[in-house]
Amino acid sequence: MKSDSTRRHFRPPVIWLIVERDFGAALLLFVIAGASDGLDGYLAKRFDWTSELGGVLDPIADKFLMVSCFIALTGIGLVPLWLTLIVVARDLIIIGGATAYHYLAGGFSAAPTLLSKINTGVQILVVLAVLGDAWLQLHVSLAPLLWLAAATALASGAHYVLSWSTRARRAMRR
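Presented here is an overview of the structure given in this document. Note that this is a predicted model, so its numbers are computed, not measured.

## Describing the overall build of the protein
Part 1: The secondary structure content of the protein amounts to 7 helices and 0 strands.
Part 2: Starting at the N terminus, the α and β elements of the protein follow one another as α-α-α-α-α-α-α.
Part 3: Once the C-alpha set of the protein is aligned to its principal axes, its extents read approximately 55 × 40 × 35 Å.
Part 4: Classification of the 174 residues of the protein by burial places 30% in the buried group.
Part 5: Put simply, of all contacts in the protein between residues at least 6 apart along the chain, 69% involve residues at least 24 apart.
Part 6: On the protein, roughly 11100 Å² of surface is accessible, and the fraction owed to carbon and sulfur atoms is 68%.
Part 7: Averaged over its 15 positive side-chain charges, the protein has a centre that lies 11 Å from the centre of its 11 negative ones.

This is how it looks when you write it as structure tokens:
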């Protein structure tokens, strides 16, 4: 079994900072990660620096960061477990559905829906608000934002399931 000091080195930096309760540094690093991801996306589109692999890996990396933040924030008691379960379940259902679609109906191009983009934006706001509140020790109620995150995750997940199920049925009939 590894000691705590050894295990700590294998955590992504933002998650490590959250677990260590260094909320100001975690917030700054989360903002930098988001800004660099946005710049990367802009440059890729602007100069057509895209690839199929990048189109798959970039959203996976984004999801990994977001889900990891939710899990870490839940682990230290700042985000309720029910919300993290909804966020993780939505992503697992989408990944499972995409995999099933790929093998049963053929290849597809993944493009986030408007509802999915709204959900991602709300999840980013949750992480920013929770880290900011913990750092500044404001102790404001984030309940409305947490419920909005749950609602957008559920709505977006349901939308993906319905729309991709319909597409799969059509593709399998052909």
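More follows now that the structure is in view.
## Section: the packing of helix α5 (residues 81–105) against helix α7 (residues 143–173)
Part 1: At their nearest, the axes of α5 and α7 sit 10 Å apart, and the two run at 10 degrees to each other. Regarding the angle of α5 to α7, the classification is roughly parallel.

## A closer look at the nonpolar core
Part 1: Ile18, Phe70, Leu83, Val127 and Leu131 are the most contacted members of the largest nonpolar core, which has 29 residues in total.
Part 2: Where this core is concerned, the elements lending two or more residues are α2 (13–19), α3 (23–46), α4 (52–75), α5, α6 (114–136) and α7.
Part 3: The contact partners of Phe70, leaving out residues within four places of it in the chain, are Val79, Leu83, Thr84, Val87, Gln123, Val126 and Val127.
Part 4: Formed by 5 residues, the second largest nonpolar core is a distinct cluster that contains Tyr160, Trp164, Ala168 and Ala171.

## Observations regarding the pattern of salt bridges
Pairs can form between side chains of opposite charge whenever their charged atoms are close.
Part 1: Evaluated as defined, the whole model comprises 2 salt bridges.
Part 2: Note that Lys63 and Asp91 form a salt bridge whose closest N and O atoms lie 3.6 Å from each other. Here Asp91 lies in helix α5 and Lys63 lies in helix α4, a separation of 28 residues in the sequence.
Part 3: Note on Lys63: relative accessible area 26%, which makes it partly exposed.
Part 4: Given the relative accessible area of 7%, Asp91 is considered buried.
Part 5: Asp91 serves as the salt-bridge partner of Arg90, at 2.7 Å between the closest nitrogen and oxygen. Of the two residues, Arg90 and Asp91, both sit in the buried class.
Part 6: Where salt bridges share partners, they join Lys63, Arg90 and Asp91 into one cluster.

## A word on unusual backbone geometry
Part 1: A positive phi angle, close to 65 degrees, is found at Arg21, a residue other than glycine.
Part 2: Its location among the elements puts Arg21 in the loop between α2 and α3.
Part 3: Of note, the phi angle at Asp48 is positive, near 55 degrees, even though the residue is not glycine.

## Re the packing of α6 against α7
Part 1: Remark: α6 packs on α7, axes separated minimally by 9 Å, with the N-to-C direction vectors making an angle of 155 degrees. With respect to each other, α6 and α7 are oriented roughly antiparallel. Once α6 is placed against α7, the crossing between them reads as left-handed. Residues Leu115, Ser116, Ile118, Asn119, Val122, Gln123, Leu125, Val126 and Ala129 of α6 form the contact with α7, whose own contacting residues are Leu145, Leu146, Leu148, Ala149, Thr152, Ala153, Ala155, Ser156, His159 and Tyr160.
Part 2: Here the residues of the contact of α6 with α7 are counted per class, giving 13 nonpolar, 6 polar and no charged.

## Some thoughts on the side chain of Thr113
Part 1: Locating Thr113 in the fold gives a position in the loop between α5 and α6.
Part 2: On the basis of relative accessibility, which here comes to 18%, the residue Thr113 falls in the buried class.
Part 3: Setting aside chain neighbours within four positions, we find Thr113 in contact with His159 and Tyr160.

Rules and cut-offs
Residues numbered from 1 in each chain as written. Predicted model: local features only at pLDDT ≥ 70, side-chain atom pairs only at ≥ 80, totals over all residues. Heavy atoms only, no water. Helix = DSSP H or I, 4+ residues; strand = E, 2+ residues; numbered from the N terminus. Buried < 20%, exposed > 50% of the residue type's maximum accessible area, 1.4 Å probe, protein only. Contact = heavy atoms within 4.5 Å. Areas by Shrake-Rupley, 256 points an atom, 1.4 Å probe, with all protein chains shown as cover. Lys, Arg positive; Asp, Glu negative; His and termini not counted. Charge placed at Lys NZ, Arg CZ, Asp CG, Glu CD. Axes fitted to C-alpha atoms, helices over the stretch in contact; angles between N-to-C directions. Parallel < 35°, antiparallel > 145°, perpendicular 65-115°, else oblique. Core = buried A, V, L, I, M, F, W, Y, C linked by side-chain atoms within 4.5 Å. Salt bridge = Lys/Arg side-chain N within 4 Å of Asp/Glu carboxyl O. Left-handed = near helix turned anticlockwise from the far one by under 90°. Nonpolar A, V, L, I, M, F, W, Y, C, P; charged D, E, K, R; others polar.

Any functional reading would require information that these geometric values do not contain.
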